[in-house]
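# Fold and contact review
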Amino acid sequence: MKVLVAGGAGYIGSHTVKALCQAGHQPVVLDTLEKGHPEAVVDCELVKGNVRDQELVVDLCRKRSIEAAMHFAAYIEVGESMVDPLRYYINNSMSTLAFIRNLVEGGVKTLIFSSTAAVYGQPEKTPITEDTQKIPVNVYGHSKLLVEEALTWLSRQSDFRYAALRYFNACGAHPSGLIGEDHRPESHLIPLILQVPLGKRERVSIYGEDYDTPDGTCVRDYIHVTDLARAHIRAMEYLSSGGESGSFNLGTGQGYSVREIIDCARRITSHPIPADSVARREGDPPRLVADPSRAKAVLNWQAEASSLESIVASAWKWHSGHPRGY
């Protein structure tokens, strides 16, 4: 299929583009390169531009005979979203809706939307199903939920179809070591931990060790970025074959604590990685773990590369080979 990938020069987008190419699809990447990296896009066309540009998007859809679209073009920093909410609502919500409008005008009626487990907020029970009440506790999560709600109404009132993929903790890098995670500034746990053996920081901070978890530190569901990429392709193929619109959790159903991640990184890197315990961060739930059974049943997808060792080893291969990023 011919696929327009918005934000395809970013972390998850670039891995999905590579997977699309390997699966025989024909992606076209649209990216402002504000956050993305042109070096991450290989073997396909890269168009610099904004999803809000109606003329550009419509023209791309029509001239490239685009059959489906994927959307990764969002800001992702939770803390920043609370400091500058309008920036997130404008980019993550309004711009995405403008993109959908442009797709429809260009004749494209299938979208795979990059959503997030942040739409759930702080659920009382885990594992989390797609029917768990959605009460975001930050602007980032709410900005994504607004788009999901709009897509729900659009699909009800028209023949537009979508899959909203709610990621849990995306991590790892492509096994080739050629593309990986390069956020600036970096805020994700595994890259921050690996900055210690790279000599970019002296130690890592653990935010709270008094949670009601086996070792007192927060537990999260870590999903390898290549597994996420496969899920996007499965979702696109499912919709193209007549599947119904819907939302899907992407996780493993297995949680790992911050301590377990650090210990694994110590084994992989052979570095002591000193860690300091500091105060909890406001709003951090003790445990967030997905129930991915709907994705398995409907999309015929499940995590295959998301063992903790595989995640950290692939991330270390990328970061040690690219200590300054791209």
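Everything that follows concerns the structure shown earlier in this document.
Note that the structure is predicted; figures quoted are calculated from it, not measured.

## Description of empty space enclosed by the protein
The full count for this structure, using the stated rule, is one cavity of 30 Å³ or more. Here the largest cavity is characterised by a volume of approximately 30 Å³. Lining of the largest cavity is provided by S14, V17, K18, A40, V41, V42 and I179. Of the residues assigned to the lining of the largest cavity, the class counts are five nonpolar, one polar and one charged.

## Observations concerning the sheet that holds strand β2 (residues 26-31)
Taking strand neighbours across the sheet as the criterion, the seven strands line up as β3-β2-β1-β4-β5-β6-β11 in an open arrangement whose pairing is parallel. Edge positions in the sheet fall to β3 (45-48) and β11 (246-250), since each of these pairs with one other strand and no more. Neighbour-to-neighbour, the strand axes of the sheet open up by a mean angle of 20 degrees, direction not taken into account. Both strand β1 (residues 2-6) and β2 contribute to a ladder of five bridges, which runs parallel. Following the sheet pairing, V3 is matched in β2 by P27.

## Some words on helix α10 (residues 308-321)
At 3.6 residues per turn, the α-helix brings residues three or four places apart onto the same side. Over its 14 residues, α10 extends 20 Å from the first C-alpha to the last, a length consistent with the 20 Å expected when each residue adds 1.5 Å. Three or more residues of α10 are buried, namely L308, I311, V312, S314, A315, W316, W318 and H319. In this structure, the buried side of α10 is in contact with β7 (169-171), α6 (189-194), β10 (222-224), β12 (256-257) and α8 (258-269).

## Description of the pattern of salt bridges
Per the stated rule, a full pass over the model turns up 17 salt bridges. Residues R266 and D263 are paired through a salt bridge, measuring 2.9 Å at the closest nitrogen-oxygen approach. Placement of the pair is R266 and D263 together in helix α8, with a separation of three residues, close to one helical turn. Judged by relative accessible area, R266 falls into the partly exposed class, the value being 25%. A single network of salt bridges, built from pairs that share partners, joins E34, E80 and R87.

About the cut-offs
Residues numbered from 1 in each chain as written. Predicted model: local features only at pLDDT ≥ 70, side-chain atom pairs only at ≥ 80, totals over all residues. Heavy atoms only, no water. 1 Å grid on protein atoms, 1.4 Å probe; cavity = no way out; pocket = protein on both sides within 12 Å on 5 of 7 lines; lining within 4 Å. Points joined across faces, edges and corners; volume = space filled by probe spheres on them. Nonpolar A, V, L, I, M, F, W, Y, C, P; charged D, E, K, R; others polar. Pairing = 2+ DSSP bridges. Helix = DSSP H or I, 4+ residues; strand = E, 2+ residues; numbered from the N terminus. Axes fitted to C-alpha atoms, helices over the stretch in contact; angles between N-to-C directions. Expected span 1.5 Å × (residues − 1). Buried < 20%, exposed > 50% of the residue type's maximum accessible area, 1.4 Å probe, protein only. Contact = heavy atoms within 4.5 Å. Salt bridge = Lys/Arg side-chain N within 4 Å of Asp/Glu carboxyl O.

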